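Reading the structure
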Amino acid sequence: MSDKKTFEDKMLMLEEITNKLQKGEASLDECINLYEKGVALSAECMKMLEKAEQKVNMISVAADTEVQDEF
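Residues numbered from 1 in each chain as written. Predicted model: local features only at pLDDT ≥ 70, side-chain atom pairs only at ≥ 80, totals over all residues. Heavy atoms only, no water.

Looking now at the overall build of the protein. Each helix and strand counted, the protein has two helices and zero strands in total. Counting only contacts in the protein whose residues sit at least 6 apart along the sequence, the fraction spanning at least 24 positions is 68%. Surface accessibility of the protein: about 6,100 Å² in total, with carbon and sulfur atoms responsible for 56%. (Helix = DSSP H or I, 4+ residues; strand = E, 2+ residues; numbered from the N terminus. Contact = heavy atoms within 4.5 Å. Areas by Shrake-Rupley, 256 points an atom, 1.4 Å probe, with all protein chains shown as cover.)

Leu14, Ile17, Leu34, Leu41 and Cys45 together form the largest nonpolar core, which totals five residues. Secondary structure elements with two or more residues in this core: helix 1 (7-23) and helix 2 (28-70). Top element by residues in this core is helix 2. It accounts for three residues. Among residues more than four places away in sequence, those in contact with Leu14 are Gly38, Leu41, Ser42 and Cys45. (Core = buried A, V, L, I, M, F, W, Y, C linked by side-chain atoms within 4.5 Å. Buried < 20%, exposed > 50% of the residue type's maximum accessible area, 1.4 Å probe, protein only.)

Here's what the structure looks like:
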């Protein structure tokens, strides 16, 4: 699942998987496969969020440093 899909794309896929699992119409094997895909997507989304948070923190630190340098 490490393709170039956006965070939003992956969240939509997770939502679709969740809906399929909640309907209860899938076979046991299909449910297990869907669950496995969901766990992998969830981990990828968490990594993307962590990277975004790091980037925001770096931007904030850089902005704080620039403000301090002005004084």
